[in-house]
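For reference, the chains in residue letters:
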Amino acid sequence: MSVTMPEPDAEVLARRAEIVRALRAIVPGEGVIAAEPEMRPYESDGLTAYRQLPMVVVLPETADQVARILRYCHAEGVKVVPRGAGTSLSGGALPLADAVLLGMAKFNRIREIDFDNRVVVAEPGVTNLAITRAVEHAGFYYAPDPSSQIACTIGGNVAENSGGVHCLKYGLTTNNVLGCELVLMTGEVVRLGGRHLDAGGYDLLGVVVGSEGLLGVVTEVTVRILRKPETARAVLVGFPSSEDAGDCVARIIGAGIIPGGMEMMDRPAIHAAEAFVQAGYPLDVEALLIVELDGPQAEVDHLVTRVSEIAAACRAATLKLSGSEEERLLFWAGRKAAFPAAGRISPDYYCMDGTIPRAKLPLVLSRMREMSERYGLRVANVFHAGDGNLHPLILYDANRPGELERAEAFGADILRLCVEVGGVLTGEHGVGVEKRDLMPAMFSEIDLEQQQRVKCAFDEKGLLNPGKMFPTLHRCAELGRMHVRGGALPFPDIPRF
């Protein structure tokens, strides 16, 4: 479905031409993209149901260029949308028709590898997996590993506080970033954190990680690298029901065992992933757990036995232990391919992201099955089961009238359910535009106003990535007067295809 947009008037075209000229003076050569066909690749991120051409795309190569771009846009009142690799699944990098899209793809160098301090200093356009590839020869790796790690960038990981299959034991991005260089909307360059474990004063680094591009543009990231464990083994456990698998997850954590990773897939996801990767998954079960134990050999052997005993007590139907490093990686390859593999069973899918208390997993799965029947849409479930981070894939066909709208309504009900049982709206994908209008389900008006005060402290004109995260826009001057209501402006509808 296409949307016909009104032709811009002469004044708007003249203004755009002026902005393009100014940007080309800052970033010469091919660093500014203004023609419509060339801007098409930037019209959406991983949430492809929403699309919008930007006003212009600019691709800087240095922090000085970023600072000059932001300084100009701040002075002229021009909005800016930062973008990494565009793998965001929440619309966090969705362009605006009246905003500059600031692409950080050319910041793709690893600046320093410091094994003594166990850190890597990288530009934001370096891919997640490239950091591990750069240090694995010395027995190190970077722990957070989103399924999109071959493509997603470390700058985008910082923006969304990305996780991955091993975040249960080793933490999200926020637990593995030690410092960053940040350019503010005014063009000022600040450094937060460093190579040390912690810093005095306010934890501004903690504020920036997960801020979804609303506070500043990251131009350098310092991350922690870890020694590769002596031993790592993965256990595939099949169950006759998702409730049994959920019970096993709760019992493993309750026993004080913290696996390196613990993932869950239901029958539709298992079959799609197995057909795609041929990882050796059992096809006669309703749910599959992948439990990875890592550490010293003796500890891993003991924990494998304990996990096997717990699984048997939870009615496990099958159990298979990886016999080699290649087989362990194959087990994970199937899980990491679950999202693209869903394309084998449905022309379109809507990938959700919410987090619940682990003990509520059986209840939530049961309620989701009821919703699936009510909405008439199938759902394939893939979970970071250990930390309660759900990724339901709602299957639909965009060519059938009304199915996208039903998928969105289904997804919204899943997220409301997550909050209802004591969870949160997102675990790692961020709020973006996808969950923006659901924020009041979790936060009060006062909560949201306090969050926007932080936004105003960094970006008083509200020019950085506007329209994301907050369901209403409050003027910073209004927020500056405590207990004053009013001044809230609803955001416009988002173009959807």
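Note: the structure precedes this text.
Calculation notes
- Residues numbered from 1 in each chain as written.
- Predicted model: local features only at pLDDT ≥ 70, side-chain atom pairs only at ≥ 80, totals over all residues.
- Heavy atoms only, no water.
- Helix = DSSP H or I, 4+ residues; strand = E, 2+ residues; numbered from the N terminus.
- Rg over C-alpha atoms; globule rule 2.2 N^0.38 Å.
- Buried < 20%, exposed > 50% of the residue type's maximum accessible area, 1.4 Å probe, protein only.
- Contact = heavy atoms within 4.5 Å.
- Areas by Shrake-Rupley, 256 points an atom, 1.4 Å probe, with all protein chains shown as cover.
- Salt bridge = Lys/Arg side-chain N within 4 Å of Asp/Glu carboxyl O.
- Axes fitted to C-alpha atoms, helices over the stretch in contact; angles between N-to-C directions.
- Parallel < 35°, antiparallel > 145°, perpendicular 65-115°, else oblique.
- Left-handed = near helix turned anticlockwise from the far one by under 90°.
- Core = buried A, V, L, I, M, F, W, Y, C linked by side-chain atoms within 4.5 Å.
- Pairing = 2+ DSSP bridges.
- Phe/Tyr/Trp six-rings, centres within 6.5 Å; stacked < 30°, edge-to-face > 60°.

**Digging into the overall build of the protein chain**
If you tally the helices and strands in the protein chain, you get 16 helices and 21 strands. In terms of C-alpha radius of gyration, the protein chain reaches 23 Å, essentially the compact-globule figure of 23 Å for 497 residues. In terms of principal-axis extent, the alpha carbons of the protein chain reach across some 70 × 55 × 50 Å. Each of the 497 residues in the protein chain was classed as buried or not, and the buried ones make up 55%. Long-range contacts, defined as pairs at least 24 residues apart, comprise 71% of the intrachain contacts of the protein chain with a sequence gap of at least 6. Counting only carbon and sulfur atoms, one obtains 54% of the accessible surface of the protein chain, whose full area is about 20,800 Å².

**Overview of the pattern of salt bridges**
Inspection of every chain in the model, using the stated rule, returns 34 salt bridges. Two residues, Arg191 and Glu181, come together in a salt bridge whose shortest N-O distance is 3.1 Å. Taken together, the residues Arg191 in strand β9 (residues 189–193) and Glu181 in strand β8 (residues 177–183) connect sequence positions 10 residues apart. The network of salt bridges with common partners includes Arg109, Arg111, Glu123, Glu181, Arg191 and Glu220.

**Comments concerning the packing of helix α8 (residues 242–254) against helix α10 (residues 297–313)**
For any two helices packed against each other, one specifies the crossing angle of their axes together with the interaxial distance. At a minimum axis distance of 9 Å, the contact between α8 and α10 shows a crossing angle of 140°. One way to sum up the angle between α8 and α10 is to call them oblique. Once α8 is placed against α10, the crossing between them reads as right-handed. Facing α8, whose interface residues are Cys248, Arg251 and Ile252, α10 presents Val307, Ile310, Ala311 and Ala313.

**Some thoughts on the nonpolar core**
Ranked by internal contacts, the top residues of the largest apolar core, which has 62 residues, are Met264, Leu289, Leu293 and Ile394. For Ile394, the residues in contact, after removing those within four places along its chain, are Asp348, Tyr349, Tyr350, Met352, Leu377, Arg378, Val379, Ala407, Phe410, Gly411 and Ile414.

**Some points on the sheet that holds strand β10 (residues 217–224)**
What links the strands of a sheet is backbone hydrogen bonding, and the strands pair in either a parallel or an antiparallel sense. Pairing is antiparallel across the open sheet formed by five strands, whose spatial order is β5-β6-β10-β8-β9. Unpaired on one side and paired on the other, β5 (110–114) and β9 mark the two borders of the sheet. Taking the axes of each pair of neighbouring strands and ignoring which way they run, one obtains an average angle of 10° across the sheet. The sheet contact formed by β8 and β10 spans six bridges and is antiparallel. Counted as the bridge partner of Glu181 is Glu220 from β10. Against the sheet, helix α3 (residues 63–76) touches β8, β9 and β10, its axis set at about 50° to β8.

**A look at the pairing of strand β19 (residues 389–396)**
Counted residue by residue, β19 has eight buried out of eight residues, so it is predominantly covered. Residues Asn389, His391, Leu393 and Leu395 of β19 are buried on one face, and the alternating residues Leu390, Pro392, Ile394 and Tyr396, pointing to the opposite face, are buried as well. In this sheet, β19 lies alongside strand β16 (residues 348–351) in antiparallel orientation, the contact comprising four bridges. Counted as the bridge partner of Asp348 is Tyr396 from β19. Across two bridges, the pairing between strand β17 (residues 354–355) and β19 is antiparallel. Residue pairing across strands places Gly354 opposite Leu390, the latter belonging to β19.

**Regarding the sheet that holds strand β3 (residues 79–83)**
Taken in spatial order, the four strands make up an open sheet running β1-β2-β4-β3, and their pairing is mixed. Both outer strands of the open sheet, β1 (32–33) and β3, are each paired with one neighbouring strand and no more. Bridging between β1 and strand β2 (residues 56–58) involves two bridges; their strand directions are antiparallel. Looking across to β2, one finds that Ile33 is bridged to Val57. Packed on one face of the sheet, α3 meets β2, β3 and β4 (99–103) and runs near 170° to β4.

**What to know about the packing of aromatic side chains**
For the structure on display, the rule yields three aromatic pairs. Look at Tyr141 and Tyr170: their rings are 6.3 Å apart centre to centre, the planes differ by 85°, and that puts the pair in the edge-to-face class. Here Tyr141 is found in strand β7 (residues 140–141), whereas its partner Tyr170 is found in helix α6 (residues 167–170), with 29 residues between them in sequence. Residues Tyr141 and Tyr170 agree in their burial class; the two are buried. Their ring planes at 10° and their centres at 5.3 Å tell us that Tyr375 and Phe410 sit as a pair that is stacked. Here the residue Tyr375 occupies a position in helix α13 (residues 361–375), and Phe410 occupies one in helix α14 (residues 403–420), the gap between them amounting to 35 residues. Each of the two residues, Tyr375 as well as Phe410, counts as buried.

**Overview of the environment of Val291**
Summarising the element assignment, Val291 is placed in strand β14 (residues 287–295). Put simply, Val291 and Glu263 are 28 residues apart on the chain and 6.6 Å apart in space, counted from C-alpha to C-alpha. If we ignore the near neighbours within four places in the chain, the residues touching Val291 are Arg233, Ala234, Val235, Ile252, Pro259, Gly261, Met262 and Val307.

**Digging into the environment of Gly86**
Looking at the secondary structure, you find Gly86 in the loop between β3 and β4. Here Gly86 falls in the buried class, since its relative accessible area comes to 14%. Between the C-alpha atoms of Gly86 and Ser44, which are 42 residues apart in sequence, the distance is 7.5 Å. Not counting the four nearest positions on each side in its chain, Gly86 is found in contact with Asp45 and Gly46.

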